[in-house]
Structures are given as structure tokens and as C-alpha cells.
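Structural overview for review
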Amino acid sequence: MKFSCHVQTRINDYRIAKDLEDWGYDACWFPDTQMMWSDCYATMALAAQCTSRIHIGTGVAITGTRIAPTTAAAISSINVLAPGRTFLGIGTGHTAMRVMGQDPMPVKEFREYLRVVRTMLKGENVDYTYRDKTTEIAWQHHGGGFRNTFDPIPIYVAANGPMALRAAGAYGDGLVSIFNEQPEMMRANLEMVKAGAEKVGRKLDDSFHTVSLCHAVVLRPGEKLTDRRVVEVAGSWVVTALHFVYEVWRYTRDDSVIPPFMRNVWQQYLDRIEHMPLPEDKKHQALHEGHCSYYPAVERSMLTPEMIEGTCIVGGPSEVAERIRAAGRAGLKEVSLLPPLMHLRDVAREFAQKVIPLV
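Residues numbered from 1 in each chain as written. Predicted model: local features only at pLDDT ≥ 70, side-chain atom pairs only at ≥ 80, totals over all residues. Heavy atoms only, no water.

On to helix α9 (residues 263–274), then. Its 12 residues give α9 an end-to-end C-alpha distance of 17 Å, which sits within 8% of 16 Å, the value for a rise of 1.5 Å per residue. For α9, the set of buried residues is V265, W266, Y269, L270, R272 and I273. Viewed along the axis of α9, the buried residues span an arc of 155 degrees, placing them on a single side of the element. The exposed residues of α9 that point more than 90 degrees off its buried face are N264 and E274. (Helix = DSSP H or I, 4+ residues; strand = E, 2+ residues; numbered from the N terminus. Expected span 1.5 Å × (residues − 1). Buried < 20%, exposed > 50% of the residue type's maximum accessible area, 1.4 Å probe, protein only. Arc of directions from axis to C-beta.)

See the structure below:
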């Protein structure tokens, strides 16, 4: 099992990658969310310069905000600075696009985007369509040091829905999903991934990587889920999961997507959205307030013990370690934590000291 952290991409805190490296983490993921945080590639370039072992990548790159050749150029540039330890996490932009009031990239376009990037990162020419015009594009060579496509850059596809999961199998070297730490979810997702691979004639082997974007709350002796420290450590991830489910529900109106542990707060959350002091055409500006950094004070009452247990890996060190081992038996290969901004270092350090050695 590998361990990593997704961090809030703040350019003047790029040394978080060095801290994680020193604490024994395998990777540091820098999200690509334009309306919230700093540019991920600029931050990764600085992080690459101050580290020597830890893997560095996008967590995840957003296809709707950069054309495919730009993404290939950006990540292969980072691979010059961190050769052999650079990876590309990539997704349709569920949050990054929603906060602009836009939709994520449709999966059909996403598959084509992945095909182009994957081919370019092999150093090969590729047919590329831009504004309905298709041409063959090729890297231009001006000497060394501009990009590195010689050391492989694995592509980890962010996917939760069936079509995106199949795209991960068709074009990805790995999968990153939320709730993959739940064994039944991990198994179901892998079945979809394998089906996507088989459809294009790929046979996935043990090198296919699997990652759970998640959060862990390591309880101290005597702590309860209602204690202030526990709520503060869990809060940002809990409401992020709530926002994610709401975005799925608002487009499908399918109540089956609401997990059982959310149902006691669901109507309260809908009321919160209805009474936002914004017109309908601007509510996207506030729906993801605090995303993965903090929880909005108005949503504090929704941080119930059921919500914390339902969205986080919770327990004492040995309990958390056993849940991770169970996920590993179901096919999970990497646990990637996303702690709140204010507590990032404390949570990551404590997890490295108390849980990782047990796993």
C-alpha cells in the first residue's frame, strides 16, 4: 500500500511536498482548480525543485480548462524537473467546472482527450481535432531540457460514474476515485475499469494503479465523534462529499444517489441552498464554498457522527490500519488523504506516525 496526500494548491506553500517526503509519503497531488487555488503546474515546478524522492502530480488536471496538447506540454515539463516521479491525474472537472457554472467535459470528449495526451506522452505524433479541424501534430525539437517524454508519465484517470470508469480502463494507467477505500466500491469500480479495457483490446495487469481520494480521522483515546477536534479535522471533507453528491443529484433528481448516512441532513442542506442570498444563476459561486479547505459555518450542523463515519476512515490507529488493509485486499493500492487546510500538516504527520507503520 502506498500513501499520499492531496494538498490545497497554494504556491507559497510548495514546501509541503518536502514535508510529506520527510514523513515518508509516496506522493503529493496538487489539484487543478482555477477559481479556488494557485496554478498547479507552477506550484509543482517549485515542489519538484525542493524534493528528491516523492512523486509529484496533478490531483487532478481539468480537461475543460486546457486543450490536450497544453496538458501534455505542462506535465512533460514537470517531468524534466522530477524525472520518473511525475504523474498526471486527470478528470472531467466535476468541481472546477461547476464552480464556474459550467458542466464537466462529456465522457465522449474526455476519451478523445485522453487518447491525445496518452499518445503525446509517448513522444508520438497524433491526430488532433481543434474547432472541427483535424490535423496531425508533432512535438517540435529545439534541443534538450524542454520536456521529458522518455521517463514514463503514468496517467491516473479520475472517475466515479460508469462511463468515466470505462474510459479509465481504455486509456489510463490507473484510477483515482472517492470512496475507493470501501471494499465493495473498489471491487465494483474495478469491474467497470476492466470492461472498458476489454472493449478496446487492452488487458490490464497488476501494474494498473488504484487510488482512493479520501480522508482519515485517527481518534485519540477517549475521543468521540462529537468532540471539537474530531469535527474540525473531518469537517472540510464531510461537506465536500455532501457537495459532490448534491451536484450529482441536482442533475439526475435520483434519490438513490443519496447515501443512507446523508439522508438525515439532506433536507436541511436543500433548505440551505434554497435560502442562499444569491439568485439562481449565481448560486454556483457559493455551492462549493470552502471546498476541501474548510467547512462553511452555516453547514456546521450537518457534521453529524453519521456523516463523519460515512465519509471518512474513522477509528483508533489499529482500526484505521485494518480498514486500509481490507481495502487493499479488494484491490486498492494507494490511500490519498485530503486534510483541511488549517490542520494539513498536523493530520499528515500524525497519520504517518500512528497509522502507516501499522499497515
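Our focus in this paragraph is the environment of E309. Assignment of secondary structure puts E309 in helix α11 (residues 305–311). When the C-alpha positions of E309 and V218 are compared, they lie 12 Å apart, and in sequence the two are 91 residues distant. The residues touching E309, leaving out its near neighbours within four places in the chain, are L225 and V314. (Contact = heavy atoms within 4.5 Å.)

Bringing the nonpolar core into the picture now. One finds L20, Y25, F30, Y41, L88, I90 and F351 to be the most contacted residues of the largest nonpolar core, which totals 71 residues. Counting residues per element, this core draws most heavily on helix α5 (residues 107–121), which supplies 8 residues. Discounting residues that sit within four places of it in the chain, L88 has contacts with Y41, T58, A61, T71, I75, V117, L121, I153, P154, I155 and Y156. The next biggest cluster of nonpolar side chains, apart from the first, holds 50 residues, and it includes L225, V233, L270 and L287. (Core = buried A, V, L, I, M, F, W, Y, C linked by side-chain atoms within 4.5 Å.)

Here the focus is the sheet that holds strand β1 (residues 2–6). Pairing within the closed barrel is parallel, and its 8 strands lie in the order β1-β2-β3-β4-β7-β8-β9-β12. Direction aside, neighbouring strands of the sheet carry axes that sit 25 degrees apart on average. The sheet contact formed by strand β2 (residues 27–30) and strand β3 (residues 55–62) spans 4 bridges and is parallel. Bridge pairing in β3 links C28 to I56. (Pairing = 2+ DSSP bridges. Axes fitted to C-alpha atoms, helices over the stretch in contact; angles between N-to-C directions.)

This paragraph deals with empty space enclosed by the protein. Counted according to the given criterion, the structure contains 1 cavity of 30 Å³ or more. Taken as a whole, the largest cavity holds about 60 Å³ of empty space. Along the walls of the largest cavity sit A216, V217, V218, R229, V233, V347, E350 and F351, which together make up its complete lining. Those elements giving two or more residues to the lining of the largest cavity turn out to be β10 (216–218), α8 (228–252) and α13 (344–354). Here the residues of the lining of the largest cavity are counted per class, giving 6 nonpolar, no polar and 2 charged. (1 Å grid on protein atoms, 1.4 Å probe; cavity = no way out; pocket = protein on both sides within 12 Å on 5 of 7 lines; lining within 4 Å. Points joined across faces, edges and corners; volume = space filled by probe spheres on them. Nonpolar A, V, L, I, M, F, W, Y, C, P; charged D, E, K, R; others polar.)

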